[in-house]
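Survey of secondary and tertiary structure
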Amino acid sequence: MKKMISGIKPTGQLHLGNYIGALQPFVQSQEEFDVNVFIANLHCITMPIDPEELQTNLRDALRFYLAVGLDPKKSTIFLQTDVHEIAQLGFIMSCLTPMGELNRMTQYKDKKDTGISLSSGFYTYPTLMTADILIHKAQYVPVGDDQKQHVELARNTAERFNNRFGDTFVVPEPVIAKVGSRIMSLSDPSKKMSKSDKDGEKGVVYLKDTLKVARKKIMSAVTDSIGIVQYDVENQPGIANLLTIYAALKKISIPEAVSEFKDVQYGGFKKAVADEVCALLEVLQEKHQSYDEAYIESVLQEGADKVRPTAQAVLKEVQEKLGMEILK
Ligand code: TRP
């Protein structure tokens with residue numbers, strides 16, 4: 001069975017874009033792949049974050065992953081810091097990554113251009129991500145398209161390592177969800193739906209939003225004056241975004257979604273989208289509340305225990321190849 005690895009960085013509350021772009025595809029992959037998902041709590045602290053808020057977000061993320069149907073019997077779910085080998089391999093990966101490559105990362109460049117002061121951890125974040133990925137020797141890495149460049153970096157490092165020190169790492173492929181890998185903000189459909197959106201309150205549907213609030217956000221989504229429900233990202237980005245959301249939640253194609261609303265006005269179309277979104281949130285929120293603390297802890301414990309043997313073996317192999325080990 002081919003292996004998948006992906007991380008999630010819950011520095012904010014999970015939203016509909018995360019659900020469609022990341023959570024839903026994971027769950028669909030479970031039948032076909034050995035799915036490994038971890039909560040990237042080290043990546044979470046690369047930018048300043050309030051400890052209480054982080055704690056809440058980590059717990060909520062885990063609960064929502066379970067709620068969407070990630071099954072700990074089929075998949076492996078763990079917390080990044082519960083497997084110490086990852087951070088150690090991360091330091092090694094940073095020593096094998098030229099600064100020139102990190103300077104080219106668009107996420108870093110965009111943040112740097114805002115002028116805010118950045119930690120060195122934020123700068124080297126892609127090298128930790130390289131370790132996150134390579135330590136599992138997985139074939140596939142499902143990510144949002146904003147993370148594709150980081151997976152490319154991991155590929156480069158894996159190839160470079162293999163060439164220099166002998167075949168060690170699997171060179172992994174990024175997997176970008178076809179439908180809905182870029183859900184846009186409801187209030188500004190030229191921007192990605194993101195918790196860091198300044199308009200966040202209006203543009204983002206959080207999985208924890210009350211149904212009333214979620215419905216209101218969908219109903220007030222920015223559209224256009226063309227008045228026809230069709231998929232035209234250029235001229236009707238708002239409608240295209242709502243179609244993407246609808247198609248993803250109904251698990252149908254965009255053309256199928258378009259044909260459902262051929263003669264429907266925007267108001268009716270939005271109501272249909274809101275109904276889908278609210279039906280989803282209702283189920284997720286109910287499940288989210290249903291897990292007790294002991295269960296949550298056992299999921300993380302078992303996940304880390306399952307991953308650790310491979311992580312230890314790979315770290316040892318790497319350190320031996322680099323000539324770092326003394327004890328056998
Ligand atoms: N950087 C990713 C994000 O911001 C999260 C992440 C960390 C990740 N390590 C990973 C994703 C490894 C895939 C594989 O979304």
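Treat the numbers as computed from the prediction; the structure is a model and nothing was measured.

With that settled, the discussion passes to the packing of helix 1 (residues 16-29) against helix 11 (residues 237-250). Two elements in contact, helix 1 and helix 11, have axes separated by 11 Å at closest approach and are oriented at 45°. Between helix 1 and helix 11, the interaxial angle falls into the category oblique. Handedness of the crossing formed by helix 1 with helix 11: left-handed. Only Ile-245, Ala-248 and Leu-249 of helix 11 make contact with helix 1, whose side of the interface consists of Leu-16, Tyr-19, Ile-20 and Gln-24. Broken down by class, the residue content of the contact of helix 1 with helix 11 amounts to 6 nonpolar, 1 polar and no charged.

Below, the discussion takes up the domain arrangement of the chain. On domain assignment, one finds that the chain holds domain 1 (3-180 + 292-321) and domain 2 (200-288). At the interface, 16 residues of domain 1 touch 15 residues of domain 2. A combined buried area of about 1,600 Å² lies between domain 1 and domain 2, and 74% of that area is made up of carbon and sulfur atoms. There are 1 salt bridge connecting domain 1 and domain 2. One salt bridge in this structure joins Lys-208 and Asp-60, with 2.7 Å as the shortest N-O distance. For the pair domain 1 and domain 2, the interface holds 6 residue pairs in polar contact (both at pLDDT 80 or more). Those elements that provide at least two residues to the side of domain 1 that touches domain 2 are helix 1 and helix 3 (51-68). No other element matches helix 3, which puts 6 residues into the side of domain 1 that touches domain 2.

This brings us to helix 1. Between the first and last C-alpha of helix 1 there are 19 Å, a value that for 14 residues agrees with the 20 Å anticipated at 1.5 Å per step. Where helix 1 bends most, at Leu-23, the angle is about 30°, and the proline Pro-25 comes one to four residues later. In terms of residue burial, helix 1 counts as a mostly covered element, since 11 of its 14 residues are buried. Among all positions in helix 1, only Leu-16, Gly-17, Tyr-19, Ile-20, Gly-21, Leu-23, Gln-24, Pro-25, Phe-26, Val-27 and Ser-29 are buried. On its buried side, helix 1 packs onto strand 1 (3-8), strand 2 (34-39), helix 3, strand 4 (140-143), helix 11 and helix 13 (266-290).

Definitions and cut-offs
Residues numbered from 1 in each chain as written. Predicted model: local features only at pLDDT ≥ 70, side-chain atom pairs only at ≥ 80, totals over all residues. Heavy atoms only, no water. Axes fitted to C-alpha atoms, helices over the stretch in contact; angles between N-to-C directions. Helix = DSSP H or I, 4+ residues; strand = E, 2+ residues; numbered from the N terminus. Parallel < 35°, antiparallel > 145°, perpendicular 65-115°, else oblique. Left-handed = near helix turned anticlockwise from the far one by under 90°. Contact = heavy atoms within 4.5 Å. Nonpolar A, V, L, I, M, F, W, Y, C, P; charged D, E, K, R; others polar. Domains from an automatic or database assignment. Buried area = accessible area lost by both parts, 1.4 Å probe. Salt bridge = Lys/Arg side-chain N within 4 Å of Asp/Glu carboxyl O. Polar contact = N/O pair within 3.5 Å; in protein donor to acceptor, adjacent residues only side chain to side chain. Expected span 1.5 Å × (residues − 1). Bend = angle between axes of the 7 residues up to and from the residue. Buried < 20%, exposed > 50% of the residue type's maximum accessible area, 1.4 Å probe, protein only.

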